[in-house]
Number of protein chains: 2
Amino acid sequence: METSEKHRPPAMSAIIRLADKRDVPHIHRLIHQMAVFERLTHLFSATESSLAATLFPSSSPSPPFRSFTVLILELSPSPSPDLNPSFTPIVREVDLKSPISDPDAEAFASAGGGDGVVVGFVLCFPNYSSFLAKPGLYIEDIFVREPYRRRGLGRMLLSAVAQQAARMDFGRVEWCVLDWNVNAIKFYEEMGADVLQEWRICRLTGDNLEAYATYDRHHG
Amino acid sequence: METSEKHRPPAMSAIIRLADKRDVPHIHRLIHQMAVFERLTHLFSATESSLAATLFPSSSPSPPFRSFTVLILELSPSPSPDLNPSFTPIVREVDLKSPISDPDAEAFASAGGGDGVVVGFVLCFPNYSSFLAKPGLYIEDIFVREPYRRRGLGRMLLSAVAQQAARMDFGRVEWCVLDWNVNAIKFYEEMGADVLQEWRICRLTGDNLEAYATYDRHHG
């Protein structure tokens, strides 16, 4: 027994925990990797300081899931207990099956210390359904770094948000997907989601939004 | 002069003001009318009490536009000053051109008193762009009652939200439109919005969401 066990890859735990300000450099890098994957780097202008100011404001912090909320997914051979009282971390043994080659492992060493490495994240916030008269959770980002995909970790992140919404008696979890991302669509449908085909997103931004700052003066 | 003026329709003001708990019965009726228009009454389950509890919680009220926020649009020949200090009402003289026949005028008499009649509303809340590292405003509902359409009132409601977002240095205003609603799409594009063709909304709700409440136990 002992002889055969020492040839196995080390046991690993996947941990989903609430992010804090120390995670900002990793969050910044993860969002940039996501922009590359989505072919949308021309829209990327986040900086570490703008992320810190908007995601972790020192004034008026809200309870998690009542405003912008980031969950961090990390892998660790020795998970340490997280003492944040507002979200109990989700810890799960994972079987990585094969060793993972991660060239960015050092850059993504967990801010929480120990041997953890950050492998993904989810950013969500409350939305509202007036038909249901209930809040929901909207997932703005869900992302697992490339070397760690196809191992059930994206499923674990999405399930954590769904579980939270169900426990809070929220009515829906919603997010968006690019229509060419057929793998993602298949995955989401397997998770129980409907893909709404009739709705389109409208966006007012940049100069077209700025123009409304003086709306009163021009039309009032 | 006096002789000709007395034949004109009375001067009317359109007022956009922050909703409060007294507006709940009107908000409920407006949301139901919207569900009828969108052919989605099968999804409608809001009640006055569920709306009151979720839109106007007595505990932890947030400043407007930092959580779920409803603006009411009313018409009045004699607008009275609204003393709510957190949102200065937008008041604008409107030329209705022709008299309006409104069978529901009595049911929609303003909760604020006076001669006002509620003709529409907008429900919005903050969302977040991680690419911009900025909050935005998401418009869940924007609605003008049927007799009052095609008079610039929808434009006034959308502009009020855009103005608020621009003033708060938010990055975007976003909302959804049904792809068959070509009049709305044309109107939104004229307002400066882009309609994103590639994105689809994913929704996890009902039993499929409930199933995640016990996720830990089944998969942990």
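Note that this is a predicted model, so its numbers are computed, not measured.

Q: How should I be thinking about the side chain of Ser110(B) in this particular structure?
A: All names here are of chain B. Locating serine 110 in the fold gives a position in the loop between β3 (90-94) and β4 (117-129). Side chain to side chain, serine 110 and glutamate 74 meet in a polar contact 2.7 Å long. Sequence-distant contacts of serine 110, that is, excluding residues within four places in its chain, are made with Arg17, His26, Glu74, Gly116, Val117 and Val118.

Q: Teacher, can you tell me more about the environment of Arg22(A) here?
A: Residue and element names in this part refer to chain A. Relative to the helices and strands, arginine 22 resides in the loop between β1 (12-18) and α2 (24-37). Residue class for arginine 22 comes out exposed when judged on its relative accessible area of 53%. For the pair arginine 22 and alanine 111, spaced 89 residues apart in the sequence, the C-alpha separation amounts to 5.9 Å. For arginine 22, the contacting residues outside a window of four places in its chain are Ala111 and Gly112. At a separation of 2.9 Å, a polar atom in the side chain of arginine 22 contacts the side chain of aspartate 20.

Q: It is not clear to me how the side chain of Ser130(B) should be interpreted in this structure. Could you clarify?
A: Residue placement: Ser130(B) occurs in the loop between β4 and β5 (134-144). A distance of 2.5 Å separates the side chain of Ser130(B) from the side chain of Asp141(A), its partner in a polar contact. When near neighbours in sequence (up to four residues on either side) are disregarded, Ser130(B) contacts Ile31(A), Met34(A), Ala46(A), Leu51(A), Leu123(A), Glu140(A) and Asp141(A).

Quick notes on the rules
- Residues numbered from 1 in each chain as written.
- Chains lettered and ligands numbered in written order.
- Predicted model: local features only at pLDDT ≥ 70, side-chain atom pairs only at ≥ 80, totals over all residues.
- Heavy atoms only, no water.
- Helix = DSSP H or I, 4+ residues; strand = E, 2+ residues; numbered from the N terminus.
- Polar contact = N/O pair within 3.5 Å; in protein donor to acceptor, adjacent residues only side chain to side chain.
- Contact = heavy atoms within 4.5 Å.
- Buried < 20%, exposed > 50% of the residue type's maximum accessible area, 1.4 Å probe, protein only.

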